[in-house]
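So the chains spell out like this:
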Amino acid sequence: MTTIGFIGSGRIGGALARLAVGAGHDVVLSNSRGPETLRETAAGLGPRARAATVGEAAAAGDIVVVSIPVRFHASVPAEPLRGKVVIDTLNYDPARQGSVPEIEAAGVPPYLLLQTHLAGAHVVKAFSTVFFAHLPLLARPAFAPDRSTLPIAGDDATAKRAVAALIDSLGFDTYDAGALTESRRFAPGTPAQLAHLDPDGMFSAPPRPVGRPALTTLLGV
Ligand SMILES: NC(=O)c1ccc[n+]([C@@H]2O[C@H](COP(=O)([O-])OP(=O)(O)OC[C@H]3O[C@@H](n4cnc5c(N)ncnc54)[C@H](OP(=O)(O)O)[C@@H]3O)[C@@H](O)[C@H]2O)c1
């Protein structure tokens, strides 16, 4: 089993942590306000979960999920993540989350922002295409006919294999879209990013499972 560190334990981080403990992984939760503010959340997840500082979560994780508003990306500590597999769930939405100078002025593509900051880590983009409340509704056992396939992208093949194995344990197949730059295919505003949303009910309707053939069509590959 894997220890998963969480930098950011809100809607997406919390939903992933719940799936992870359900799959038998250990999770270490952190946020910006300190472990005492997460003790209750960790207790609610059971003995496989604990609250920690950001630095401790980064150090403890075999895989570390970064799930914070994009504008705070530079606060993610680079040193404890050097050489580690990091899952980047971030979506850039300046209207709701605030703008980022590196993106607006320096021209860094939003989907490369975290890898640029964490140059020594192996960043894999994942989970950025699923509304947090839909994660537990879409998760299925292996080989279920309506299991969904999630896109991942990253520059390190070993890291992507580790992330794919983790995602499989959480109830999803994966489609490797290629290098991190290819995550532009499922960035905000693309059809793949909204794959699971029912166009009539959007966020309030039940999510639609999306298998590999439909996903590859949406990705345009
Ligand atoms: N919500 C979704 O359905 C969804 C889906 C796909 C992708 N995403 C992306 O995933 C990211 C997280 O979204 P979310 O909806 O989960 O946000 P959220 O519910 O607001 O949670 C954000 C979490 O990040 C923590 N945080 C904020 N600044 C931090 C920092 N500097 N260091 C450590 N932790 C920090 C917050 O803790 P404090 O409260 O202590 O600050 C909180 O635990 C965003 O980039 C979003 O675009 C979200």
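You'll find the structure just up there.
Computed from a predicted structure; not experimentally measured.

Caption draft 1: Spotlight on the environment of Gly-220. Positionally, Gly-220 belongs in the segment after helix 9 (212–219). Taking relative accessible area as the criterion, Gly-220 reaches 53% and is therefore assigned exposed. Distance from Gly-220 to Gly-201, taken between C-alpha atoms, is 25 Å for residues 19 residues apart in sequence.

Caption draft 2: Focus on the pairing of strand 6 (residues 122–125). Direction of pairing for strand 5 (residues 85–88) relative to strand 6: parallel, over a ladder of four bridges. Paired with Asp-88 across the strands is Lys-125, a residue of strand 6. Where strand 6 meets strand 7 (residues 149–154), two bridges bridge the pair, whose relative direction is antiparallel. Within strand 7, the residue paired with Lys-125 across the bridge is Ala-153.

Caption draft 3: Region of the structure containing the layout of surface pockets. Considered as a void within the structure, the largest pocket measures approximately 1200 Å³ in volume. Every element with two or more residues in the lining of the largest pocket is listed here: helix 1 (11–22) and helix 4 (94–97). Element by element, the count of residues in the lining of the largest pocket is highest for helix 1, at three residues.

Rules of the game
Residues numbered from 1 in each chain as written. Predicted model: local features only at pLDDT ≥ 70, side-chain atom pairs only at ≥ 80, totals over all residues. Heavy atoms only, no water. Helix = DSSP H or I, 4+ residues; strand = E, 2+ residues; numbered from the N terminus. Buried < 20%, exposed > 50% of the residue type's maximum accessible area, 1.4 Å probe, protein only. Pairing = 2+ DSSP bridges. 1 Å grid on protein atoms, 1.4 Å probe; cavity = no way out; pocket = protein on both sides within 12 Å on 5 of 7 lines; lining within 4 Å. Points joined across faces, edges and corners; volume = space filled by probe spheres on them.

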